[in-house]
Amino acid sequence: MSRLQVVSGKGGTGKTTVAAALALALATEGKRTLLVEVEGRQGIAQLFETEALPYEERKIAVAPGGGEVHALAIDPELALLDYLQMFYKLGGAGRALNKLGAIDFATTIAPGLRDVLLTGKACEAVRRKDKAGRFVYDYVVMDAPPTGRITRFLNVNDEVAGLAKIGPIHNQAQAVMRVLKSPETAVHLVTLLEEMPVQETADGIAELRAARLPVGRVIVNMVRPQVLDATDLDLVGTVPRSAVAQSLSAAGLGGARRGGNAEKLVDPLLAQAAEYTERYALEEEQRAVLGELGLPLHELPLLAEGMDLAGLYELATELRKQGMS
Amino acid sequence: MTPDPAHAKDAARHRLSPARVLDVDALLDDPTTRIVVCCGSGGVGKTTTAAALGLRAAERGRKVVVLTIDPARRLAQSMGIDSLDNVPRRVKGTEDRGASRSDSVEGGGGSRAGGELHAMMLDMKRTFDEVVEAHADPERAAAILANPFYQSLSAGFAGTQEYMAMEKLGQLRARDEWDLIVVDTPPSRSALDFLDAPKRLGSFLDGRLIRLLTAPAKLGGRAGMAFLNVGMSIMTGTLGKLLGGQLLKDVQTFVAAMDTTFGGFRTRADATYKLLQAPGTAFLVVAAPERDALREAAYFVERLAAEDMPLVGLVLNRVHGSGADRLSAERALAAAENLEEPRIVDQEGGKAGLRNSPDTDDSSESPASERHSPGADRDIDQLTAGLLRLHADRMQLLSREQRTRDRFTARHPEVAVVEVAALPGDVHDLAGLRDIGDRLAANRPELPETPAEA
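Here the structure is a predicted model, which is why all the values come from computation and not from measurement. (Residues numbered from 1 in each chain as written. Chains lettered and ligands numbered in written order. Predicted model: local features only at pLDDT ≥ 70, side-chain atom pairs only at ≥ 80, totals over all residues. Heavy atoms only, no water.)

## With respect to the overall build of chain B
What counts here: Numbering of helices and strands runs from the N terminus, with a helix taken as a DSSP run of H or I at least four residues long and a strand as a DSSP run of E at least two residues long. Only protein chains enter the calculation, and the probe is 1.4 Å; a residue is then buried if its accessible area is under 20% of its type maximum, exposed if over 50%, and partly exposed in between. To be clear on the numbers: accessible area is Shrake-Rupley with a 1.4 Å probe, and residue cover counts the displayed protein chains and nothing else.
Helix and strand counts for chain B stand at 19 helices and 8 strands. Across the 454 residues in chain B, those meeting the buried criterion constitute 53%. On chain B, roughly 20,000 Å² of surface is accessible, and the fraction owed to carbon and sulfur atoms is 52%.

Put into structure tokens, the structure is as follows:
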């Protein structure tokens, strides 16, 4: 199991949720994981129902069996100051630079510097050891940028190493790249069973592979339960209305005769079933597309009660059951 | 602004709480509406909404251009804009559907014509290149385009896409060939990027730091600048160490070239910003009835207000309804369980015929007589149970969506809302867009006193 688990996905597919659930799943039974946020959205804090995360690692959840999930929201500007501090012992000069806007400038405009700092911080956490020489975190899970930008984001170090041909940034970029392109890293993509996210997932995988970044698994999120089985689906189009009306009536929902309460339910219920059938067919199409990607597939259920902390634990359990941790 | 909890709770009992309703056709028909900006978080259907609004406006007689950022491939193909050439293309297959106008003939060629739909997909790098080419002499432009720093920047570091979308909007507006521009916004990391990025990029490229980096000599002579100069040399030194000397030099030459060729990015960014605030611009926040999307939407509403950006309403996509909403989830589930335990019913009821409720025994239209095969009955009962479970799911979804929505309206009762019913599949042709357009405009619920004006 790779120690750096990067979770990406199209916007709206729930990649933050999946990343959090994965961090919980990996922490189960006494492990320590670090969940890293890189886009400053405070999605992790919202998910774990805690206050906004500072730029500081802190414990945010206890996993079943005693494990711990820690979280860190990386702020690129503070990361750069950290970094300058570490290499140059800048002290006050660092603050002066910040005042002048240099830090802001460097992290926003200097090509990829922001991304180098973000991935660099995550890689540092992966490699960090305690005094006894053990890894501080068993796993680091990164809630990464969306599929459309993930390859550039992870590969930016290569780009920077090319641009900044010497100097500490160059070295840093190369060190980070060594981790990211090794089996120590796995990049997972979260999708829904819808055309656009699936297409984007396929494109994203092709890009990652072209950049020789290690692709992990595909996680299909928010999968609706199968309510109607194959027999039902066959029957939906052909069943006589009156038979359904009778059945509804037998279930205690009123009269089956024309105008009866049960009879009045038939059309809307069949209309909902027709929508379900259409949607189901589309989902099957997308499943087939995903099947052709040649990657392990996982499916997480749509939670009927919406997403909350309890739901997160539910998804973590599901991921464990499916052998993702 | 503070929500009234009692009121919100009460409203939750109705399908539609008394939010103001957005009249989409009035907005699109108003000739003073010149720009419609669709914004919102990722995955809520911004692009589809923008395209559907554009098509509807065109078919109602306006000359429209839709600027999309990242359309689904099949949607782009169906609009004929899948070739990335960064110029608007006329979309074929639009119809004149003059709608409410009395002098129009639906589908007829002789209606008040003139409606046209053009569409384009933003090519961010190309747009950036064009800006450079338009403002620099060829030699200098070539130098900029070849600069590695420029190449990285233009290929899409944080903010570039947002900036270029706004740049393109400015260009389209300046050409004055269309009387309505509908803009999709980039799938930002957060709602704020889209408003902030142009300003940030503009101020960086035109800012104090850049001047320090590029023109130390100019500053040297001035009194009071000595300190800055010292700071500057520390800084260039540090940045040089950090980034490597070559990169810093690339940055300096790049910025110098940019600086002398066009009169400041900030000016352009400011102009775009003012364009967005101007009358004639209408912001639509797009969301889905989900917690995260609506939270982001609320955030956006507040931000637009703070920036004096004219918000006209919220488009709530993918809202579910039910034709059988009088049957509650609980009753549907109970009924389904009834059907799934037929043995108990059979034993108690004896003959199968008695399973039907009393008012079904009229045998002239005799549904009962069709139930001869017990096997078929079981299948049908099973299907019916499935239908009821499906309905229970739908009702639960409905009430969850309603709660989420009501929380938004309680917080922002001033925002007009239009709901778009969910479709089972994806939209990837003009007919689908037209359907969405109809759904956008059909949102005139049973609330009499909600005149929606822009």
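Still to come is the rest of the account.
## Observations concerning the overall build of chain A
Heads up, the rule is: Residues are treated as being in contact if the distance between any of their heavy atoms lies within 4.5 Å.
Each helix and strand in chain A was counted, giving 13 helices and 8 strands. Here chain A, with 325 residues, has 58% of them falling under the buried criterion. Look at the contacts in chain A between residues 6 or more apart in sequence, and 70% of them connect residues 24 or more apart. Put simply, chain A shows about 12,700 Å² of open surface, and 52% of that area lies on carbon and sulfur atoms.

## Points about the pairing of strand 1 (residues 35-39) of chain B
Residue and element names in this part refer to chain B. What counts is decided by this rule: Here the rule is simple: two strands pair whenever DSSP picks up at least two bridges between them.
Burial within strand 1 is extensive, with 5 of its 5 residues counted as buried. Residues Ile-35, Val-37 and Cys-39 point to one face of strand 1 and Val-36 and Cys-38 to the other, with burial holding for every one of them. Direction of pairing for strand 1 relative to strand 5 (residues 180-184): parallel, over a ladder of 4 bridges. Bridge assignment links Ile-35 to a residue of strand 5, and that residue is Ile-181. Pairing between strand 1 and strand 6 (residues 281-287): 5 bridges, direction parallel. Looking across to strand 6, one finds that Ile-35 is bridged to Thr-281.

## Some thoughts on the nonpolar core
Our working rule: Nine residue types can take part in a nonpolar core, namely buried Ala, Val, Leu, Ile, Met, Phe, Trp, Tyr and Cys, and a core is a set of them joined through side-chain atoms within 4.5 Å.
Of all hydrophobic cores here, the largest spans 86 residues; its most connected members are B:Met79, B:Leu314, B:Leu433 and B:Leu440. Once residues lying within four places of it in the same chain are set aside, the contact partners of B:Met79 are B:Ala51, B:Val91, B:Leu117, B:Ala119, B:Leu430 and B:Leu433. A:Met177, A:Leu193, A:Val220 and A:Leu290 belong to the second-largest nonpolar core, a separate cluster that totals 43 residues.

## Quick word on the sheet that holds strand 5 of chain B
Residues and elements named next belong to chain B. What counts, and what does not: Axis geometry follows a simple rule: fit a line to the C-alpha atoms, using only the stretch in contact for helices, then measure angles between N-to-C directions, giving values from 0 to 180 degrees.
The 8 strands are arranged 3-4-2-5-1-6-7-8 in an open sheet whose pairing can be described as mixed. For this open sheet the edge positions go to strand 3 (89-90) and strand 8 (417-421), each flanked by a neighbour on one side alone. Packed on one face of the sheet, helix 8 (residues 160-175) meets strand 1, strand 2 (63-68), strand 4 (116-121) and strand 5 and runs near 165° to strand 2. Here helix 19 (residues 430-441) sits on the sheet and contacts strand 7 (311-319) and strand 8; the angle it forms with strand 8, its principal contact strand, is near 140°.

## Re the packing of aromatic side chains
Residues and elements named next belong to chain A. Under the convention used in this document: Under the pairing criterion, centres of Phe, Tyr and Trp rings, with the six-membered ring standing for Trp, must be within 6.5 Å; the plane angle then separates stacked pairs below 30 degrees from edge-to-face pairs above 60, leaving the rest tilted. The rule for a charge over a ring is simple: NZ of Lys or CZ of Arg within 6 Å of the ring centre, and within 35 degrees of the ring normal.
In total, this model carries 1 aromatic pair over all chains according to the counting rule given. The cationic tip of Arg-3 hangs over the ring face of Phe-135; the distance from NZ or CZ to the ring centre is 3.5 Å. Positioned above the aromatic ring of Phe-135, the side-chain terminus of Lys-129 is 5.0 Å from the ring centre.

## Considerations on the side chain of B:Thr404
All names here are of chain B. Selection criterion: Any pair of nitrogen or oxygen atoms within 3.5 Å is treated as a polar contact; in protein, a donor-acceptor pairing is required on top of that, and neighbouring residues in sequence qualify only through side-chain atoms on both sides.
By secondary structure assignment, the location of Thr-404 is in helix 18 (residues 374-411). Overall, the relative accessible area of 13% leaves Thr-404 in the buried class. One polar contact links the side chain of Thr-404 to the main-chain carbonyl oxygen of Arg-400, over a distance of 2.6 Å.

## Thoughts on the domain arrangement of chain A
Residues and elements named next belong to chain A. For clarity, the threshold we go by: An automatic or database domain assignment supplies the start and end points of every domain. Two parts placed together each lose some accessible area under a 1.4 Å probe, and the buried area is that loss summed for both. A side-chain nitrogen of Lys or Arg and a carboxyl oxygen of Asp or Glu constitute a salt bridge if their distance falls within 4 Å. By the convention adopted, Pro, Cys, Tyr, Trp, Phe, Met, Ile, Leu, Val and Ala count as nonpolar, Lys, Arg, Asp and Glu as charged, and the other residues, Gly among them, as polar.
When cut into domains, chain A gives domain 1 (4-224 + 302-321) and domain 2 (226-295). Together, the buried faces of domain 1 and domain 2 total about 1,100 Å²; carbon and sulfur atoms form 67% of this surface. Sorting the residues of domain 1 by area buried against domain 2 places Leu-193, Val-198 and Arg-224 first, and these three jointly supply 52% of that buried surface. Summed over the shared surface of domain 1 and domain 2, the number is 2 salt bridges. Its salt-bridge partner being Glu-194, residue Arg-279 comes within 3.7 Å of it at the nearest N-O pair. Counting every contact that joins domain 1 to domain 2 gives 1 residue pair in polar contact (both at pLDDT 80 or more). At the level of secondary structure, the elements contributing two or more residues to the side of domain 1 that touches domain 2 comprise helix 9 (195-210) and strand 7 (215-223). In terms of residue count, the dominant contributor to the side of domain 1 that touches domain 2 is helix 9 (6 residues). Taken together, the residues of the side of domain 1 that touches domain 2 break down into 8 nonpolar, 3 polar and 4 charged.

## Overview of the packing of helix 5 (residues 124-135) of chain B against helix 6 (residues 138-146) of chain B
Residues and elements named next belong to chain B. How we decide: Angles are sorted into four bins: roughly parallel if under 35 degrees, roughly antiparallel if over 145, roughly perpendicular if 65 to 115, and oblique for all others. What makes a crossing left-handed is the near helix being turned counterclockwise from the far one by less than a right angle; a clockwise turn instead makes it right-handed.
It is at 8 Å that the axes of helix 5 and helix 6 come closest, and there the two elements cross at 150°. The angle between helix 5 and helix 6 falls in the class roughly antiparallel. Of the two elements, helix 5 crosses helix 6, and the hand of that crossing is right-handed. Residues Asp-129, Val-132 and Glu-133 of helix 5 form the contact with helix 6, whose own contacting residues are Ala-141, Ile-144 and Leu-145. A per-class count over the contact of helix 5 with helix 6 returns 4 nonpolar, no polar and 2 charged.

## A closer look at unusual backbone geometry
Even without a glycine there, the phi angle at A:Glu29 is positive, about 65°. By the element assignment, A:Glu29 lies in the loop between helix 1 (15-27) and strand 2 (32-37). Positive phi is not limited to glycine here, since B:Asp176 has a value of about 55°.

## Structural notes on the environment of B:Ala278
Along the chain, the position of B:Ala278 falls in the loop between helix 14 (265-277) and strand 6. For B:Ala278, a relative accessible area of 25% puts it in the partly exposed group.

## Focus: the pattern of salt bridges
All names here are of chain B. For the coordinates displayed, the defined rule picks out 39 salt bridges over all chains. When the shortest N-O distance is used, the salt bridge between Glu-59 and Arg-434 registers 2.8 Å. With Glu-59 in helix 3 (residues 46-59) and Arg-434 in helix 19, this residue pair connects regions lying 375 residues apart in the sequence. Of the two residues examined, Glu-59 and Arg-434, each falls in the buried class. In this structure, the salt-bridge partner of Arg-411 is Glu-302, at a minimum N-O distance of 2.9 Å. With Arg-411 in helix 18 and Glu-302 in helix 15 (residues 291-306), this pair connects stretches of sequence that are 109 residues apart. Bridged by salt links that share partners, the residues Asp-25, Asp-29, Arg-56, Arg-60 and Asp-438 form one connected network.

## As for the environment of A:Thr13
Residues and elements named next belong to chain A. You can see Thr-13 is positioned in the loop between strand 1 (4-9) and helix 1. The exposure class of Thr-13 is buried, given its relative accessible area of 1%. Taking C-alpha positions, Thr-13 is 22 Å from Thr-277, a pair spaced 264 residues apart along the chain. Setting aside anything within four residues of it in sequence, one finds Thr-13 in contact with Val-190, Thr-191, Leu-192, Pro-197, Asn-221 and Met-222.

## Some points on the pairing of strand 2 of chain A
Residue and element names in this part refer to chain A. Extensive coverage of strand 2 is indicated by the burial of 5 of its 6 residues. Taken together, the 6 bridges between strand 2 and strand 4 (residues 68-73) define a ladder with parallel strand orientation. Note that in strand 4 the partner of Glu-37 across the bridge is Ala-73. Pairing geometry for strand 2 and strand 5 (residues 139-143), over 5 bridges, is parallel.

## Topic: the state of the cysteines
The criterion, for reference: The disulfide criterion is simple: two cysteine sulfur atoms within 2.5 Å.
Applying the stated criterion to the full structure yields 0 disulfides over all chains. Here B:Cys39 stays unpaired: no disulfide links it, and the sulfur of B:Cys38, its closest cysteine neighbor, is 7.6 Å away.

## Quick look at the packing of helix 11 (residues 241-250) of chain A against helix 12 (residues 261-291) of chain A
All names here are of chain A. At a closest axis distance of 8 Å, the pairing of helix 11 and helix 12 adopts a crossing angle of 120°. Between helix 11 and helix 12 lies a crossing of right-handed hand. Contact with helix 11, carried on its side by Arg-241, Val-244, Ala-245, Leu-248 and Ser-249, involves Ala-262, Glu-263, Leu-265, Val-266, Asp-267, Leu-269 and Leu-270 of helix 12 and no other residues of that element.

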